[in-house]
Amino acid sequence: MPDDDMLDPTVATIAAIARRPVRLDASARARVMLAVDTEMRRARPGRARHPFGWFTERRTVHLSPLGGFAVAAGLVGIGVVVAGLAGTTRPEPSDTGHDVAPMAVAGAPVIGGTTPASLPAVPAGARDAAIKFVLVAPQASQVTVVGDFNDWNPAAHPMERIGGTWTVTVPLEAGRHEYSFVVDGKHWMPDPAAPLAPDDGFGVANSVLLVSRSTS
Amino acid sequence: MIRRSRKCLLQLMLLPTLLVVPLPLAAQDASMLARLDAPSRYQVELMMDSASRLDLPRETLLSKALEGISKGAHGSRIVQVVRRHFAALRDARGTLGRDVSADELNAAAGALQSGVPRNSLATLHTTRKGNSILMPLVVLSDLVSRGVPPENATSAIINMSQRGALDSDFAGLRRGVETDILSGASPATALDRRTREFPGRGAPGAQNPVVPSPTRPQETPGPSR
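Every chain is numbered independently, its residues counted from 1 as its sequence is written. In the order they appear in the text, chains get letters beginning with A and ligands get numbers beginning with 1. A pLDDT threshold of at least 70 governs which residues receive local features in this predicted model, and a stricter bar of 80 or more applies before side-chain atom pairs are shown or counted, although totals over entire chains, interfaces and linings include all residues.

**Thoughts on the overall build of chain A**
The cut-off we apply is this: Secondary structure elements follow DSSP: runs of H or I no shorter than four residues count as helices, runs of E no shorter than two count as strands, and numbering proceeds from the N terminus. We call a residue exposed when 12 or fewer other C-beta atoms sit within 10 Å of its C-beta, buried when the count reaches 20 or more, and partly exposed for counts in between; the C-beta positions come from the backbone. Note on contacts: residues are paired as contacts if their backbone-placed C-beta atoms lie within 7 Å.
Looking only at helices and strands, one finds 5 helices and 9 strands in chain A. Listed N to C, the secondary structure of chain A is α-α-α-α-α-β-β-β-β-β-β-β-β-β in terms of helices and strands. Here chain A, with 216 residues, has 25% of them falling under the buried criterion. Within chain A, residue pairs in contact and separated by at least 24 positions form 65% of the contacts whose partners lie at least 6 positions apart.

Here it is, written out as structure tokens:
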């Protein structure tokens with residue numbers, strides 16, 4: 001840029017005037033921004049009127065490959081979670097097309113009663129069966145059933161008391177299950193009406209329940 | 001500024017989605033084993049990984065650990081139990097091969113831990129001729145748990161299997177022995193009595209069953225099916 005001394009005096013005067021700072025009143029900025037905003041609303045009128053315009057408006061989302069993978073994994077995860085929840089709560093039809101057997105007794109009276117004939121294998125007729133665990137414990141104030149089907153969580157399946165009998169119905173997959181009863185939160189005891197599992201070293205034997213797939 | 005706020009909003013919307021991304025199996029196991037002390041948890045996770053590599057059911061080992069946690073067992077005890085079951089699973093796999101289900105493998109591992117010899121497992125597997133050995137193994141372990149000597153229980157189960165016993169026969173045997181024990185009979189006597197009552201199914205020797213000596217189960221002259 002040439003020095004002003006080298007310019008024509010007239011040009012130098014004009015340049016000096018142009019370099020003077022422009023003084024604006026305080027509301028100028030607000031007026032300009034209002035004008036810009038008005039122009040944008042005029043260009044896209046739907047967005048301004050619709051309360052959910054931001055959500056319904058088409059837009060381009062830029063995602064990194066990692067972000068895209070995370071979103072895809074999230075969608076798959078949602079599908080897995082939903083499928084898992086549906087599988088544990090909804091009985092599936094059997095291979096032969098029969099519906100799930102409505103209920104099968106897995107436990108039997110124990111305290112203060114005789115031991116009836118047990119059912120070591122419960123024909124379920126489907127992959128999932130509703131198994132009813134029964135324990136007679138009149139003196140107990142709380143009974144739960146724990147096993148490999150609920151990760152041995154005593155809070156998962158508390159039993160309901162009807163008189164002196166405690167019952168709970170649990171949907172189980174076909175196969176071999178180990179379980180036990182927890183009485184009053186501290187006394188572990190096997191189901192006396194079911195086969196005993198081998199002592200695994202924790203001191204209290206578990207019971208075994210077989211849930212079969214076929215109805216034959 | 002508006003663009004930045006929208007970007008933040010979009011990220012907030014994606015956050016719940018990312019939170020439900022299924023965790024890897026190891027992470028899920030770790031969360032379930034969180035109540036175990038760190039050294040014990042590390043040992044259990046190592047064995048579970050080894051089980052996966054050996055095509056053994058790792059879920060069983062996890063279940064054992066969770067059972068121990070729920071029963072209030074000490075970490076070292078839990079590790080000991082899981083290690084013992086892992087070894088039994090490996091032995092059962094080596095004995096029975098790969099054509100058995102995870103449930104059968106678990107039952108076989110339990111039988112081995114009860115004192116049933118490996119060769120008896122193989123014999124039982126052979127005599128069942130492709131049928132599931134799950135029920136015989138469950139009954140076998142139950143008998144041993146009720147005080148029947150392992151060799152007696154093993155020979156009785158193999159003998160019944162050789163004479164064509166069905167799952168219902170094994171279940172009946174278990175009920176009968178249990179009833180006799182509750183009536184005061186010794187476990188060995190109860191088993192001997194109930195085994196002799198089994199007539200056999202569709203075999204020449206069915207009318208006159210022979211109960212072999214418990215110490216020599218391999219010499220049972222049971223007919224083939």
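**Some details on the overall build of chain B**
Looking only at helices and strands, chain B features 11 helices and 0 strands. Listed by position from the N terminus, the elements making up chain B come as α-α-α-α-α-α-α-α-α-α-α. Burial statistics for chain B: of 225 residues in total, 43% are counted as buried.

**A word on the interface of chain B and chain A**
Size of an interface, as often reported, equals the accessible area lost when the parts are brought together. Taken together, the 39 residues of chain B in the interface contact 34 residues of chain A. For the side of chain B that touches chain A, the secondary-structure elements that each account for two or more residues are α1 (2-19), α4 (58-70), α5 (75-96), α6 (102-114), α8 (134-145) and α10 (167-182) of chain B.

**Here we look at the environment of Val148(B)**
All names here are of chain B. One can find Val148 in the loop between α8 and α9 (150-162). Residue class for Val148 comes out buried when judged on the 24 C-beta atoms lying within 10 Å of it. Expressed as a C-alpha distance, the spacing of Val148 and Ser186, which sit 38 residues apart in the sequence, is 8.3 Å. Not counting the four nearest positions on each side in its chain, Val148 is found in contact with Leu143, Ala153, Pro187, Ala188 and Leu191.

**Comments concerning the packing of α8(B) against α9(B)**
Each pair of packed helices can be summarised by the angle the axes make with each other and by the distance between the axes. Residues and elements named next belong to chain B. Put simply, the rule reads: Note on geometry: axes are lines fitted to C-alpha atoms, helical ones only across the stretch in contact, with angles between N-to-C directions running from 0 to 180 degrees. Angle categories: roughly parallel below 35 degrees, roughly antiparallel above 145, roughly perpendicular from 65 to 115, and oblique for all the rest. Here is the rule for handedness: rotate from the far helix to the near one, and if that takes an anticlockwise turn smaller than a right angle the crossing is left-handed, while a clockwise turn gives right-handed. For this classification, Asp, Glu, Lys and Arg are treated as charged, while Ala, Val, Leu, Ile, Met, Phe, Trp, Tyr, Cys and Pro are nonpolar and the rest, including Gly, are polar.
The N-to-C vectors of α8 and α9 enclose an angle of 150°; their axes lie 9 Å apart at closest approach. When the interaxial angle is binned, α8 and α9 end up roughly antiparallel. Remark: the crossing between α8 and α9 carries right-handed chirality. Residue-level inspection shows Pro136, Val139, Leu140, Leu143 and Val144 of α8 in contact with α9, the latter providing Pro150, Ala153, Thr154, Ile157 and Ser161. For the contact of α8 with α9, the residue count by class is 8 nonpolar, 2 polar and no charged.

**Focus: helix α7 (residues 118-128) of chain B**
Residues and elements named next belong to chain B. Taken together, the buried positions of α7 are Ser120, Leu121, Thr123, Leu124, His125 and Thr127. Structurally, α7 contributes buried residues whose contacts are with α5, α6, α8 and α9. Positioned one or two residues after α7, Lys129 has a phi angle of 50°, which is positive.

**Here's the deal with the packing of α7(B) against α9(B)**
All names here are of chain B. Put simply, α7 and α9 touch, their axes get as near as 9 Å, and they point 15° apart. One element, α7, and the other, α9, form an angle in the roughly parallel class. You can see that α7 and α9 cross each other, and the crossing is left-handed. Every residue of α9 that contacts α7 at Ser120, Thr123, Leu124, Thr127 and Arg128 is listed here: Thr154, Ile157, Ile158, Ser161 and Gln162. Its residues assigned to classes, the contact of α7 with α9 shows 3 nonpolar, 6 polar and 1 charged.

**Comments concerning α10(B)**
Filter applied, for reference: Here, expected helix span is obtained from the residue count minus one, scaled by 1.5 Å.
For α10(B), built from 16 residues, the straight-helix expectation of 22 Å at 1.5 Å per residue is met to within 8% by its first-to-last C-alpha distance of 23 Å. Of all the positions in α10(B), only Asp169(B), Phe170(B), Ala171(B), Leu173(B), Arg174(B), Arg175(B), Val177(B) and Glu178(B) are classed as buried.

**What to know about the pairing of strand β7 (residues 175-183) of chain A**
Residue and element names in this part refer to chain A. Heads up, the rule is: Two strands make a pair as long as DSSP finds a minimum of two bridges between them.
Burial analysis of β7 places 8 of its 9 residues in the buried class, which makes it a mostly covered element. Sheet analysis places strand β4 (residues 143-147) next to β7, joined by 5 bridges and oriented antiparallel. Each residue of the ladder has a partner; that of Thr144, found in β7, is Val182. In this structure, β7 lies alongside strand β9 (residues 207-212), joined through 5 bridges in antiparallel fashion. Across the sheet, the residue bridging to Tyr179 is Ser207, located in β9. Relative to strand β8 (residues 187-189), β7 runs antiparallel, the two being bridged by 3 bridges.

**Description of the confidence of the model for chain A**
Cut-off, in case you're wondering: Every residue carries a pLDDT, the predictor's confidence in it, which falls somewhere between 0 and 100.
Averaged over chain A, the pLDDT score is 73; the fraction of residues at 70 or greater is 64%. Confidence over residues 84-121 of chain A falls short of pLDDT 50; this stretch has 87 contacts with residues more than four positions distant or in other chains.

**Quick look at the nonpolar core**
What counts is decided by this rule: What we call a nonpolar core is a set of buried Ala, Val, Leu, Ile, Met, Phe, Trp, Tyr and Cys residues whose membership is set by joining through C-beta atoms within 7 Å.
In terms of nonpolar packing, the biggest core is built from 82 residues, with Val44(B) and Ala65(B) touching the most fellow members. Ala65(B) has contacts with Leu33(B), Leu36(B), Val44(B), Ile78(B) and Val82(B), leaving out every residue within four places of it along the chain.

**Describing unusual backbone geometry**
For Trp152(A), which is not glycine, the phi dihedral falls at a positive 60°. Within the fold, Trp152(A) resides in the loop between β4 and β5 (160-162). Positive phi, normally seen in glycine, also occurs at Lys129(B), with a value near 50°. Relative to the assigned elements, Lys129(B) resides in the loop between α7 and α8. Looking at Lys129(B), the number of C-beta atoms within 10 Å reads 10, which means it is exposed.

**Comments concerning the pairing of β4(A)**
Most of β4(A) sits out of view: 5 of its 5 residues are buried. Residues of β4(A) alternate between two faces, with Val143(A), Val145(A) and Gly147(A) on one and Thr144(A) and Val146(A) on the opposite face, all of them buried.

**A word on the confidence of the model for chain B**
All names here are of chain B. Of the residues in chain B, 76% reach a pLDDT of 70 or more, and the chain-wide mean stands at 83. Ranking the helices and strands of chain B by mean pLDDT puts α5 first, with 96, and α1 last, with 58. When the criterion is pLDDT under 50, residues 203-225 qualifies, and its contacts beyond four places in sequence or with other chains add up to 49 contacts.

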